[in-house]
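Below are the chains, spelled out letter by letter.
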Amino acid sequence: MSASAGTGVFVLSWMSIPICCLFNSLIANSAQAFIFAGCSTVIILAISRVMFKNKAPADPLFYVYAVYAFFSVVNLIIGLEQDNIIDGFVTFYLRQADPHINTSHGHMISYWDGCVHYLMYLLMIAAITWGDSYRAIGLYWVGSFLMRAIVYILGNTVGKHGTEVNYFFLLHMLYISVSVWACFRIFSQPSTQEVKLTEAEGKSLLHRPLDLLFIIYLIPAFAFCVFRGLVVLDCSSKWCQEYTQQYEPYLKDPSAYPKAQMLVGMLYSGPYYIITLYGLIVPGCEWMPDLTLVHSGALAQAQFTHIGASLHTRTPFSYRVPAGGQPVFLLVNILYALMPQALCYRCRTRPSFFLRPTADKKNK
């Protein structure tokens, strides 16, 4: 199939720059801004149908990711304007939009969506265009999206901005609904991994030093995510209080986004570490490669947002990481973000330990 459809999406996404500048000068109130956001989606879909009428794939996710790529560039513009790097593109929107966008958490989400999600959308669009599988990239995006969506909903519900919900929250819920449907579409795609048995299939854990290293990592990782969950639940332990004061005062930020993120980590990452521990010990757990993909995407998004928001100037000074605690804070949180990526890479590149023999599947 021709690559022109994918190229067209790339060009269309960068049309958001002049469009944002144009509408920033025309919008006069929040209702018009809401209408603009909705109309933009419809217009992009219509343009996509016209541009790619005879050459676009039949996969409906092609159009979904085309729209998402457009708004990813918009989010990048939002982040750059909030940092005063550019000006005059989304000025009115920043004054009238969902309050979440002006928090340090929302600010880091703008950069994540404008860079990492945008790259994933382009890669998935390219795969769809060429008829290749995009399940692996899709699962990574699923994890990132789910973490973002859950924290966004919980933070807006229980945080200090809960009473300031406006039209844009409803529009965001539409985005979440469409994205959930996209998640199910991705999960339903067949895996393209081949079953290749190797000698590692029968080796004990002692003969797999890399897996042993990951198991050693999983134990403190489980303890760390539970510990931070207890911190945001106002645990009275001296350790919790000292950790909050010296290393992560942002966990007490009244916006409630860090609190929601830590609770999600405790309730979902905690069980994940236990399940993964089992999967690294017992052979034949075919779900391991997919599960690590979803979790690594979620942790990458969560840690990027948490680290950035903890240090950003939009966070009140009293909730930022103290200068003396920054080295420890960065070391622990960066390792906590990178290790799931390394585990995911191991499971995807050498999956033979997790896959059952083809003969065993046929016998079933």
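Just so it is clear, the model here is predicted, and its values are computed rather than measured. (Residues numbered from 1 in each chain as written. Predicted model: local features only at pLDDT ≥ 70, side-chain atom pairs only at ≥ 80, totals over all residues. Heavy atoms only, no water.)

Draft legend 1. Structural context of the overall build of the protein chain. Summing up its helical and strand segments, the protein chain has 14 helices and zero strands in all. Beginning at the N terminus, the succession of helices and strands in the protein chain can be written as α-α-α-α-α-α-α-α-α-α-α-α-α-α. The long-range share in the protein chain, meaning contacts at least 24 apart out of those at least 6 apart in sequence, stands at 79%. Summed over its atoms, the accessible surface of the protein chain is roughly 17100 Å², and 69% of this surface lies on carbon and sulfur atoms. (Helix = DSSP H or I, 4+ residues; strand = E, 2+ residues; numbered from the N terminus. Contact = heavy atoms within 4.5 Å. Areas by Shrake-Rupley, 256 points an atom, 1.4 Å probe, with all protein chains shown as cover.)

Draft legend 2. Structural context of the UniProt feature "transmembrane region" (unreviewed entry) in the protein chain. Within the UniProt annotation, "transmembrane region" (unreviewed entry) is assigned to residues 7-27, 33-52, 61-80, 109-130, 137-155, 167-187 and 212-233. Within residues 61-80, the helical portion is 100% and the strand portion 0%, while the C-alpha atoms at the span's ends are 28 Å from each other. (UniProt positions renumbered as here; feature names shortened; annotations may be inferred.)

Draft legend 3. Representation of helix α13 (residues 326-349). Look at α13: 34 Å from first C-alpha to last across 24 residues, which is about the 34 Å you get at 1.5 Å a residue. Contact partners of the buried residues in α13: α9 (209-232), α11 (257-281) and α12 (288-311). (Expected span 1.5 Å × (residues − 1).)

Draft legend 4. Molecular detail of unusual backbone geometry. For asparagine 84, which is not glycine, the phi torsion reads 60° and is therefore positive. Tracing the chain through its elements places asparagine 84 in the loop between α4 (61-82) and α5 (91-96). A residue is classified by how much of its surface remains accessible, and asparagine 84, at 69% relative accessible area, is exposed. Non-glycine residue alanine 256 carries a positive phi angle of around 75°. Tracing the sequence through the fold places alanine 256 in the loop between α10 (238-246) and α11. (Buried < 20%, exposed > 50% of the residue type's maximum accessible area, 1.4 Å probe, protein only.)

Draft legend 5. Molecular detail of the packing of aromatic side chains. A complete count under the given rule lists 20 aromatic pairs for this structure. With a centroid separation of 5.8 Å and 80° between ring planes, the pair formed by tyrosine 65 and tryptophan 141 is classed as edge-to-face. In this pair, tyrosine 65 is assigned in helix α4 and tryptophan 141 in helix α7 (residues 135-158), connecting sequence segments 76 residues apart. For the pair formed by tyrosine 65 and tryptophan 141, the shared burial category is buried. The rings of Tyr65, Tyr68, Tyr121, Tyr134, Trp141, Phe145 and Tyr175 are connected pair by pair, giving a single aromatic cluster. Taking the ring centre of phenylalanine 353 as reference, the NZ or CZ of arginine 208 above it sits at 3.9 Å. (Phe/Tyr/Trp six-rings, centres within 6.5 Å; stacked < 30°, edge-to-face > 60°. Lys NZ or Arg CZ within 6 Å of the ring centre and 35° of its normal.)

Draft legend 6. Broad picture of the pattern of salt bridges. Scanning the model with the defined rule gives nine salt bridges in all. Here glutamate 242 and lysine 238 are joined by a salt bridge, their closest N and O atoms 3.9 Å apart. Here the residue glutamate 242 and the residue lysine 238 both occupy positions in helix α10, the gap between them amounting to four residues, near one helical turn. Taking the relative accessible area as the measure of exposure, glutamate 242 reaches 31% and is therefore partly exposed. Ionic contacts of the salt-bridge type, sharing partners, join the residues Arg135, Asp290 and Arg348 into one network. (Salt bridge = Lys/Arg side-chain N within 4 Å of Asp/Glu carboxyl O.)

Draft legend 7. Looking closely at the environment of tyrosine 118. Residue placement: tyrosine 118 occurs in helix α6 (residues 104-130). If near-sequence neighbours (up to four positions away) are discounted, tyrosine 118 is found in contact with Phe10, Ser13, Trp14, Ala69, Ser72, Val73 and Asp113. A polar contact of 2.7 Å, which involves the side chain of tyrosine 118, links it to the side chain of serine 13. (Polar contact = N/O pair within 3.5 Å; in protein donor to acceptor, adjacent residues only side chain to side chain.)

Draft legend 8. Region of interest: the nonpolar core. Counting 46 residues, the largest nonpolar core has Leu61, Tyr65, Tyr121, Tyr134, Trp141 and Ile186 as its most contacted members. Taken together, the elements giving at least two residues each to this core come down to α1 (4-14), α4, α6, α7, α8 (167-187) and α12. Among the elements that take part in this core, α4 stands out by supplying 13 residues, more than any other. Setting aside its immediate chain neighbours within four residues, tryptophan 141 contacts Tyr65, Tyr68, His117, Met120, Tyr121, Met124, Ser179, Ala182, Cys183 and Ile186. By size, the runner-up hydrophobic cluster in this structure holds 24 residues, among which are Leu218, Val231, Leu280 and Met288. (Core = buried A, V, L, I, M, F, W, Y, C linked by side-chain atoms within 4.5 Å.)

Draft legend 9. A nonpolar patch on the surface, seen in detail. A contiguous nonpolar surface patch, about 460 Å² in accessible area, is contributed by Leu146, Ile150, Leu154, Leu267 and Tyr268. The set of elements that each furnish at least two residues to the nonpolar patch consists of α7 and α11. Mapped onto the fold, isoleucine 150 is located in helix α7. (Patch = residues over 30% accessible without salt bridge, like charges linked within 9 Å, V, L, I, M, F, W, Y side chains within 5 Å.)

Draft legend 10. Geometry of α6. Look at α6: 38 Å from first C-alpha to last across 27 residues, which is about the 39 Å you get at 1.5 Å a residue. When the local axis directions of α6 are compared, the greatest deviation, roughly 35°, occurs at aspartate 113. Of all the 27 residues making up α6, 20 are buried; the element is thus mostly covered by neighbouring parts of the structure. Of the residues trailing α6, glycine 131 is marked for its positive phi of about 75°. (Bend = angle between axes of the 7 residues up to and from the residue.)

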